[in-house]
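Geometric and topological summary
These are the residues of each chain, in order.
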Amino acid sequence: MTTTRFAPSPTGYLHVGNLRTALMNYLIARKAGGTFILRIDDTDPERSKEEYVDAIKQDLEWLGLTWDKVERQSERLGRYAEAATKLRDIGRFYEAFETPVELDLKRKKQLNMGKPPVYDRAALALSDAERAALRADRGQGVWRFKLDHQRIEWADGIIGDVSIDAASVSDPVLIRQDGQVLYTLASVVDDTDMGVTDVVRGSDHVTNTATQIQIIEALGGTAPRFAHHSLLTGPQGEALSKRLGTLALRDLRARGVEPMALLSHLARLGSSDPAELMTDMAALVDGFEVSHFGTAPTKFDVEDLFPLTGRYLQSLPLEAVRDRVLAAGVSEDRAEAFWTVIRDNIETLNDVDGWATLCRDGATPVIDDEDREFVAQAITMLPEGPFDADTWGAWTSAVKAATGRKGRGLFMPLRKALTGQAHGPDMGALMPLLNVVKAR
Ligand code: GLU
């Protein structure tokens, strides 16, 4: 039984980087008919906020990434304490008292000597009396997991075979001085207790994975399958981390990005499968293969989402957008014609309002100087409304006969006068929807 989880910390809004992780885990679970858990990693009481928990759920709901279960780490502190006791009992957990400043000094010395900055395990050599003295002086220490100095190996679902020398990694701190359990311990306890079989996450977690495998095994569990996807970069290959704040899912939503466009894009970005616009979740699930993703940094350009959104909207019948069209003020009886006419000329549903306003109130005419007289003459020949499917053809034929203009010189000034823009829907189809022509 396949079980995956998406494990955000509720310390901010979800962005495209988080979504990539969420989507991969979701698709693996759905493809296997398994379970997808939303796990809220909220062990940090200062930084975790309830409003972000709600926001994370809203964002996932907007995208249609439904979860089967919600788990919260803050409700599982008892289990983490049990795991800590077990690690102490089996001699894999030790208390260390160095201050951050002391640790920093050690690291600098090691680096100066050309050595990797790995924690030197000085705390392991403390006698009971020394430890008691330190505790009396400094209070509780931090608790570190004692790595077994062997190579840690796993077959990564994306990277392939990974082998990390445990001696090159510091013994991870699992409990802070103030007693707060850190992510690494909470995560492995959860993955084991919740029967998680597959973990996909960013390649910034590769070293964590090495230590987590040892902790899981020390606790008597079996490590899940791991896959580490490459990190997203900006279009120029620049680090995205600082700009992720501007790529929050709720901002993309406000800008009119459609869920299926976003999901289709991310489900293939960085994969050897061809980019494809998928219009429903089933297609997304069917076509997903985590092993097809590569390790190279993956370029992400937010601008790619808008043409895709436009293409997605073009595939939709009125039924799918009726509420939105009516909300823009288009009448029930014209909604079908309106949607058919404008859907090829919008990038997002936010553009619906502009076309609805144009049909209802008319547009501010755009008339080039050299067309002034021509347009004025043409407008006097425009029949009284309501217009119908023949209005444009009949009108432009009459204008052509009267002025001798033809082709682009005939049509473009009239389009710009009636719609205020050089591009747009077929004028013959648009005319019946125009209530007002301001040029008149
Ligand atoms: N809360 C962790 C993070 O957001 C989860 C990482 C994981 O998937 O294990 O980085």
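Scroll up to find the structure.
Overview of the overall build of the chain
Secondary structure assignment for the chain yields 18 helices and 12 strands. The C-alpha radius of gyration of the chain comes to 31 Å, more than 25% above the 22 Å expected for a compact globule of 440 residues. Once the C-alpha set of the chain is aligned to its principal axes, its extents read approximately 105 × 45 × 40 Å. The burial tally for the chain puts 48% of its 440 residues in the buried class. Intrachain contacts of the chain at a sequence separation of at least 6 include 74% that bridge at least 24 residues. Put simply, the chain shows about 20700 Å² of open surface, and 50% of that area lies on carbon and sulfur atoms. Here the chain contributes 52 positive and 65 negative side-chain charges, whose respective centroids are spaced 4 Å apart.

Observations regarding unusual backbone geometry
Most of the time, phi is negative for any residue but glycine, and the peptide bond is trans. A cis geometry characterises the amide bond from Gly385 onward to Pro386, with omega recorded as -10°. Its place among the elements puts Pro386 in the loop between α15 (372-380) and α16 (391-403). Not every positive phi belongs to a glycine, and Arg121 is a case in point at roughly 65°. With respect to the secondary-structure elements, Arg121 resides in the loop between α4 (100-112) and α5 (128-138). Given a relative accessible area of 18%, Arg121 falls into the buried group.

Observations regarding helix α1 (residues 16-31)
End to end, α1 covers 22 Å across 16 residues, agreeing with the expected 22 Å (1.5 Å per residue, within 8%). Of all 16 residues that make up α1, 12 are buried, and the element is covered over most of its length. Every buried residue of α1 is accounted for by Val16, Leu19, Arg20, Thr21, Ala22, Leu23, Met24, Asn25, Tyr26, Leu27, Ile28 and Ala29. Gly33 sits one or two positions beyond α1 and adopts a positive phi of about 65°.

Things to note about the site of the ligand
Near the ligand, the surroundings consist of Arg5, Ala7, Ser9, Asp41, Tyr183, Ser187, Arg201 and His205. A distance of 2.7 Å separates an oxygen atom of the ligand from a polar atom in the side chain of Arg5. Between the ligand and Ser9, the relevant distance is 3.3 Å, taken from a nitrogen atom to a side-chain nitrogen or oxygen of the residue. Contact with the protein chains hides 78% of the accessible area of the ligand, taken as 300 Å² for the molecule alone. Grouping the constituent residues of the shell around the ligand by class yields two nonpolar, three polar and three charged.

Comments concerning the packing of aromatic side chains
Enumeration over the complete set of coordinates arrives at seven aromatic pairs. Pairing Tyr13 with Tyr52 gives two aromatic rings, centres 5.1 Å apart and planes at 85°, and the pair type is edge-to-face. Linking Tyr13 in the loop between β1 (3-6) and α1 with Tyr52 in helix α2 (residues 50-63), this pair joins segments that are 39 residues apart in sequence. Owing to a relative accessible area of 37%, Tyr13 belongs among the partly exposed residues under this scheme. Of the residues examined, Tyr52 reaches a relative accessible area of 19% and is grouped as buried. Taking the centre distance of 5.7 Å and the plane angle of 45° together, the rings of Phe288 and Phe293 count as tilted. Residue Phe288 is classed as buried on the basis of its relative accessible area, which comes to 4%. Among the aromatic side chains, those forming a connected cluster through ring pairs are Trp392, Trp395 and Phe411. Here the basic side chain of Arg144 rests over the ring of Tyr119, its NZ or CZ set 3.8 Å away from the ring centre.

What about the pairing of strand β6 (residues 151-156)?
A one-sided burial pattern is seen for β6, the buried positions being Ile152, Trp154 and Asp156 and the unburied ones Arg151, Glu153 and Ala155. In the sheet, β6 pairs with strand β7 (residues 160-165) via six bridges, with the strands oriented antiparallel. By the bridge assignment for β7, Trp154 is matched with Val162.

So, the sheet that holds strand β4 (residues 93-96)
Strand order across the open sheet formed by three strands is β4-β5-β8, with antiparallel pairing between neighbours. Either end of the sheet is taken by a strand with one partner, and the two such strands are β4 and β8 (173-175). Pairs of neighbouring strands in the sheet enclose a mean axial angle of 45°, with direction left out of account. As defined by bridge partners, strand β5 (residues 142-145) adjoins β8 across two bridges and the pair is classed as antiparallel. For Arg144, the partnering residue across the bridge sits in β8 and is Val173.

Side note on the nonpolar core
Ranked by size, the top nonpolar core spans 91 residues in total, and within it Leu262, Phe300, Phe338, Trp339 and Leu418 carry the most contacts. Sorting elements by how many residues they give to this core places α1 first, with nine residues. Membership of the second largest hydrophobic core comes to 33 residues, among which are Ile164, Leu174, Val181 and Val188.

Brief notes about the environment of Gly393
Topologically, Gly393 is positioned in helix α16. Gly393 sits in the partly exposed class, given a relative accessible area of 35%. C-alpha separation for the pair Gly393 and Gly362, spaced 31 residues apart in sequence, amounts to 20 Å.

The rules behind the values
Residues numbered from 1 in each chain as written. Predicted model: local features only at pLDDT ≥ 70, side-chain atom pairs only at ≥ 80, totals over all residues. Heavy atoms only, no water. Helix = DSSP H or I, 4+ residues; strand = E, 2+ residues; numbered from the N terminus. Rg over C-alpha atoms; globule rule 2.2 N^0.38 Å. Buried < 20%, exposed > 50% of the residue type's maximum accessible area, 1.4 Å probe, protein only. Contact = heavy atoms within 4.5 Å. Areas by Shrake-Rupley, 256 points an atom, 1.4 Å probe, with all protein chains shown as cover. Lys, Arg positive; Asp, Glu negative; His and termini not counted. Charge placed at Lys NZ, Arg CZ, Asp CG, Glu CD. Expected span 1.5 Å × (residues − 1). Near = heavy atom within 4 Å. Polar contact = N/O pair within 3.5 Å; in protein donor to acceptor, adjacent residues only side chain to side chain. Nonpolar A, V, L, I, M, F, W, Y, C, P; charged D, E, K, R; others polar. Phe/Tyr/Trp six-rings, centres within 6.5 Å; stacked < 30°, edge-to-face > 60°. Lys NZ or Arg CZ within 6 Å of the ring centre and 35° of its normal. Pairing = 2+ DSSP bridges. Axes fitted to C-alpha atoms, helices over the stretch in contact; angles between N-to-C directions. Core = buried A, V, L, I, M, F, W, Y, C linked by side-chain atoms within 4.5 Å.

Purely geometric stuff here, so don't read any function into it on its own.
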